[in-house]
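Geometric and topological summary
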Amino acid sequence: MMLAALLMAVSSSWTSAAEDGDIAFFEQKIRPILAEHCSSCHDASAKKTKGGLSLSGRDSMLRGGDSGPAIVAGKPQQSLLVQAIKWTSDDLQMPPKKKLPDEAIAAIEKWIKRGAAAPNDAAATARNTELYDMAKAREHWAFRPLSKDEPPQVKHEVWVRTPIDRYILARLEAANLEPSPPADRATLIRRATFDLHGLPPTPEEVRAFIADKSTDAYEKVIDRLLASPRYGERWGRHWLDLARYADSAGFHDDLHRPNAWRYRDYVIASFNADKPYARFIQEQIAGDELAPDSVEAWIATGFARNGPSNENNIAPGYHEEYRLDQLDGVVSTISTVFLGVTLGCARCHDHKTDPILQRDYYEVLAVFNSSIYADRRLDEKAGTFVSQTLTSEEMLDKKGKHSPTDKPSAMALTDKSSKPRVTHVLYRGNAKMPGPLVEPNAPAALRHFAPIEFTASDKNASTTRRRLTFAQWIASPDNALTWRVMANRLWQHHFGKGIVSTPDNFGYSGDVPTHPDLLDYLARRLIEEDGRLKAIHKLIMTSSVYMQASTHSETNAARDPGNTLLWRMPKQRLEAEAIRDAILAVSGKLNLKAGGPGIKPRIPHEVIEQSQRNKWPAVKEEGPEHWRRSVYIYIKRQLLMPMMEIFDAPTTSVSCARRTNSTVPTQALTLLNGRFVNEQAKYFAQRVMAETDDDPAKQAAQSMWLALSREPSAGLIEDGAAILKQQRAAHIADGSKAADASLAALTDYCVVLFNTSPFLYVD
């Protein structure tokens with residue numbers, strides 16, 4: 001183990017006599033000196049340490065080597081280490097080739113005088129032996145091969161619709177819990193439509209499903225929903241959260257990314273085409289190597305270009321550090337999104353909680369270390385490339401500022417050449433502190449899943465092909481971790497919570513699965529379906545556990561208050577995009593135009609003024625071009641659209657595997673007083689008035705049908721009519737004409753409907 005990594009890994013094991021200040025001093029001043037100048041000869045991980053001296057911990061330094069103790073705590077002048085670095089004797093000069101700078105020598109003397117606080121070897125050895133034992137690590141539930149167990153036997157066979165139900169029911173029966181009764185048809189079609197489309201069903205769709213008495217009526221609904229282009233817009237949005245998608249660069253200048261939307265459209269199209277998941281993985285990591293002539297494949301590599309960047313403000317002399325920071329975003333995102341492991345935590349030291357070494361991080365970095373950001377120009381009409389790739393350096397103007405091409409192009413990741421860049425472990429993640437050389441590889445704890453072999457690229461090739469090799473390893477049907485992670489994501493977005501509730505962390509510090517055998521079953525089925533997601537959607541959505549009602553049971557809640565065993569369907573609040581889209585759908589103003597550059601709906605002028613760069617346009621009145629689905633809203637990192645942000649849309653700076661679900665006063669204020677909501681409520685009212693006569697009861701009934709996706713009860717219709725009459729009278733009393741008062745009263749009622757739980761939540 002490298003010195004810097006070892007010391008970081010045991011940073012909590014300081015000697016009890018050390019003060020906090022001594023610890024900080026060693027961290028900041030001493031460890032970098034030892035790592036840079038001493039580790040190559042005196043690292044405990046070396047096969048043989050020179051002079052028998054290891055500087056890997058306080059114990060070994062006190063014990064010393066062939067010449068005796070290296071340090072005497074509190075007495076720098078009596079310490080051999082100080083004598084060696086001062087070159088006081090011709091026989092003892094360390095480092096041998098060049099004397100340390102005076103300030104480094106002074107720091108070491110000061111450190112020894114203060115007691116020489118450092119980690120203990122014994123604590124390091126014990127901890128590392130246990131945590132970084134790769135054979136033992138592979139016994140962790142997520143790092144094992146997929147189980148091949150048959151679905152369990154259950155008592156109540158009549159409840160079983162799909163094999164999924166056996167796994168759920170077996171746990172319920174063991175806990176003496178009863179599953180909930182089936183949901184009614186109106187609830188079921190609303191649930192399914194929001195799950196797959198992020199939109200409410202129309203009254204006609206609900207009525208048709210209720211009236212369809214065929215045995216496959218529900219399956220036909222699922223098939224229809226999966227075949228619609230609305231499916232890709234809904235599920236593509238989930239993926240964009242993971243991919244850190246945005247239309248601007250963030251940081252100081254928040255540069256406009258004129259072609260980022262091509263990646264967004266690629267994702268949506270991939271979901272609609274039911275692209276095999278293995279292909280989807282490989283295209284995003286190495287599309288340029290997988291299919292060099294494919295425009296789509298090059299656009300897919302935009303996955304690596306989605307993170308925030310700051311090309312215009314790199315400090316002089318820090319270009320290498322900046323490059324490595326950008327690649328860290330790529331490595332970290334790929335590891336959490338596809339593998340569910342937090343590899344990025346090992347950039348500066350061995351992982352504190354998982355069996356991931358710092359060396360693992362740099363071996364994966366070696367896969368991407370030769371990669372560059374590039375734009376490739378397109379002929380949009382022909383769907384082909386029209387010129388060579390432009391590298392990031394070629395997109396700089398004369399002043400060194402980043403200047404994206406004005407012509408249509410694809411944001412891509414490719415390699416500079418077929419000759420790979422040399423990769424070193426970097427002590428403390430510092431580009432100026434290189435350690436041992438490393439070759440590309442998968443993390444040691446995961447290599448048993450599938451073989452991985454990096455071969456030298458052809459001299460005439462344009463890339464190293466390392467990314468494709470790594471992508472193929474990730475996507476291998478033998479790589480159980482990859483398929484568990486994706487199966488868990490599918491379950492998560494149908495039930496609001498994954499079988500593993502930490503969807504981006506399947507490591508030691510993540511949560512254990514509630515139903516591990518079910519997770520493996522879903523992963524196996526996903527592989528059997530050639531990685532096509534639509535079949536798994538249907539499998540999940542036609543199960544009894546999915547088709548349950550969400551009604552509460554005091555008896556079950558007493559035994560399983562968190563509904564961990566899924567004795568009922570969890571209620572879920574709509575996400576930000578689904579709320580806005582549902583409002584537009586109900587008002588009749590939703591524009592279903594797909595694709596292209598992001599839209600910029602109205603934002604309050606006082607909010608726009610806070611953004612100094614890449615200005616948002618001032619929109620006085622919204623029109624159809626602004627009323628497209630929310631997945632097409634331009635995502636500006638310095639200025640997220642307020643309604644999206646208030647309802648927990650991610651910031652896009654890092655990969656978001658699970659959105660927060662807050663309940664704050666500003667949400668209610670937005671839905672009650674927001675200009676967008678009130679304008680759409682008026683359009684909603686006009687739609688209802690056009691579809692009914694002036695009868696308040698009919699208006700109330702039609703409003704509820706459209707907003708809540710079910711036929712309202714007589715009592716609700718009566719209450720709604722009373723509210724409309726009351727509001728109409730109030731507006732007339734305020735001086736409104738009768739016709740205007742009727743519209744205003746119905747608008748008020750529609751605002752109320754937008755604020756109700758049945759509108760905002762899916763049962």
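Above this note sits the structure.
Calculation notes
- Residues numbered from 1 in each chain as written.
- Predicted model: local features only at pLDDT ≥ 70, side-chain atom pairs only at ≥ 80, totals over all residues.
- Heavy atoms only, no water.
- Helix = DSSP H or I, 4+ residues; strand = E, 2+ residues; numbered from the N terminus.
- Rg over C-alpha atoms; globule rule 2.2 N^0.38 Å.
- Buried < 20%, exposed > 50% of the residue type's maximum accessible area, 1.4 Å probe, protein only.
- Areas by Shrake-Rupley, 256 points an atom, 1.4 Å probe, with all protein chains shown as cover.
- Lys, Arg positive; Asp, Glu negative; His and termini not counted.
- Charge placed at Lys NZ, Arg CZ, Asp CG, Glu CD.
- Disulfide = S-S within 2.5 Å.
- Contact = heavy atoms within 4.5 Å.
- Salt bridge = Lys/Arg side-chain N within 4 Å of Asp/Glu carboxyl O.
- Polar contact = N/O pair within 3.5 Å; in protein donor to acceptor, adjacent residues only side chain to side chain.
- Axes fitted to C-alpha atoms, helices over the stretch in contact; angles between N-to-C directions.
- Parallel < 35°, antiparallel > 145°, perpendicular 65-115°, else oblique.
- Left-handed = near helix turned anticlockwise from the far one by under 90°.
- Nonpolar A, V, L, I, M, F, W, Y, C, P; charged D, E, K, R; others polar.
- Expected span 1.5 Å × (residues − 1).
- Phe/Tyr/Trp six-rings, centres within 6.5 Å; stacked < 30°, edge-to-face > 60°.
- Lys NZ or Arg CZ within 6 Å of the ring centre and 35° of its normal.

1. What about the overall build of the protein chain?
- Along the backbone of the protein chain there are 32 helices and 7 strands.
- In summary, the protein chain has a C-alpha radius of gyration of 31 Å against a globular reference of 27 Å for 763 residues, a match within 12%.
- Overall, the C-alpha framework of the protein chain stretches about 105 × 70 × 55 Å when taken along its three principal axes.
- Expressed as a percentage of its 763 residues, the buried residues of the protein chain come to 57%.
- A total accessible area of about 32700 Å² is found for the protein chain, and carbon and sulfur atoms account for 53% of it.
- Counting 96 positive and 95 negative side-chain charges, the protein chain places the averaged centre of each group 3 Å from the other.

2. What to know about the state of the cysteines
- Considering all chains together, one arrives at 0 disulfides under this definition.
- Cys348 provides the cysteine sulfur closest to Cys345, a residue in no disulfide bond, and the two sulfurs are 10 Å apart.
- The partly exposed category is assigned to Cys345, whose relative accessible area is 40%.
- Since its relative accessible area comes to 31%, Cys348 is described here as partly exposed.

3. Describing the environment of Ile717
- Note on placement: Ile717 falls in helix 30 (residues 714–733).
- The sequence separation of Ile717 and Ala701 amounts to 16 residues, and the corresponding C-alpha distance is 5.5 Å.
- If we ignore the near neighbours within four places in the chain, the residues touching Ile717 are Ala697, Ala700, Ala701, Met704 and Pro712.

4. A few points about the pattern of salt bridges
- As enumerated under the stated definition, the model contains 43 salt bridges in all.
- Note that Glu296 is salt-bridged to Lys275, the shortest N-O span being 3.2 Å. On the criterion of sequence distance, the pair formed by Glu296 in helix 16 (residues 295–300) and Lys275 in the loop between helix 14 (261–272) and helix 15 (277–290) is long-range, its members being 21 residues apart.
- What makes Glu296 partly exposed here is its relative accessible area of 37%.
- Between Asp648 and Arg573 there is a salt bridge, with the nearest N and O atoms lying 3.0 Å from each other. In this pair, Asp648 is assigned in the loop between helix 26 (642–646) and helix 27 (665–673) and Arg573 in strand 6 (residues 572–573), connecting sequence segments 75 residues apart. Each member of the pair, Asp648 as well as Arg573, carries the same accessibility label: buried.
- Connected through salt bridges with shared partners, the residues Arg230, Glu233, Arg580, Asp581 and Arg629 form a single ionic network.

5. Section: the side chain of Ser742
- By the element assignment, Ser742 lies in helix 31 (residues 738–754).
- Within the structure, Ser742 has its side chain in polar contact with the side chain of Arg728 (distance 2.7 Å).
- Sequence-distant contacts of Ser742, defined by excluding residues within four places in its chain, comprise Met689, Asp694 and Arg728.

6. Comments concerning the packing of helix 10 (residues 185–197) against helix 12 (residues 217–227)
- Where helix 10 meets helix 12, the axes come as close as 10 Å, and the angle between the chain directions of the two elements is 20 degrees. Taken together, helix 10 and helix 12 sit at an angle that is classed as roughly parallel. The handedness of the crossing between helix 10 and helix 12 is right-handed. Where helix 10 approaches helix 12, its residues Arg185, Leu188, Ile189, Ala192, Thr193, Leu196 and His197 are matched on the opposing element by Ala217, Tyr218, Val221, Ile222, Arg224, Leu225 and Leu226.
- Residue classes in the contact of helix 10 with helix 12 are distributed as 10 nonpolar, 2 polar and 2 charged.

7. A word on helix 14
- With 12 residues, helix 14 should cover 16 Å at 1.5 Å per step; its first-to-last C-alpha distance of 17 Å lies within 8% of that length.
- Within helix 14, 10 of the 12 residues are buried, which leaves it mostly tucked inside the rest of the structure.
- If you check which residues of helix 14 are buried, you get Trp261, Arg262, Tyr263, Arg264, Asp265, Tyr266, Val267, Ile268, Ser270 and Phe271.
- On its buried face, helix 14 is in contact with helix 13 (229–243), helix 15, helix 16, strand 1 (371–379), strand 3 (409–415) and helix 22 (533–541).
- Of the residues flanking the end of helix 14, it is Asp274, one or two places downstream, whose phi is positive at about 55 degrees.

8. What about the packing of aromatic side chains?
- For the structure shown, the criterion picks out 23 aromatic pairs.
- Plain terms: the ring middles of Trp141 and Phe506 are 5.3 Å apart, the flat faces sit at 40 degrees to each other, and that makes the pair tilted. With Trp141 in the loop between helix 8 (134–137) and helix 9 (163–174) and Phe506 in the loop between helix 20 (480–495) and helix 21 (516–528), this residue pair connects regions lying 365 residues apart in the sequence.
- When its relative accessible area of 15% is taken as the criterion, Trp141 is described as buried.
- Here Phe506 falls in the buried class, since its relative accessible area comes to 0%.
- A centroid spacing of 6.1 Å and a plane angle of 90 degrees characterise the contact between Phe368 and Phe470, whose relative ring orientation is edge-to-face. Here Phe470 lies in helix 19 (residues 466–475) and Phe368 lies in helix 18 (residues 358–368), a separation of 102 residues in the sequence.
- Through pairs of rings, three or more aromatic residues link up here, namely Tyr231, Trp239, Tyr263, Tyr266, Phe271, Tyr277, Phe280, Phe303, Phe338 and Trp483.
- Lying across the ring of Tyr546, Arg191 places its NZ or CZ 5.6 Å from the centre.

9. Overview of unusual backbone geometry
- The omega torsion of the bond from Met94 to Pro95 falls at -10 degrees, within 30 degrees of zero and hence cis.
- In this fold, Pro95 is placed in the loop between helix 5 (80–85) and helix 6 (102–113).
- Backbone geometry places Arg465, a non-glycine residue, at a positive phi of 65 degrees.
- One can find Arg465 in the loop between strand 5 (434–438) and helix 19.
- Positive phi, normally seen in glycine, also occurs at Asp648, with a value near 75 degrees.
- Given the relative accessible area of 11%, Asp648 is considered buried.

From the geometry alone we can't say anything about function, so treat these as descriptive.
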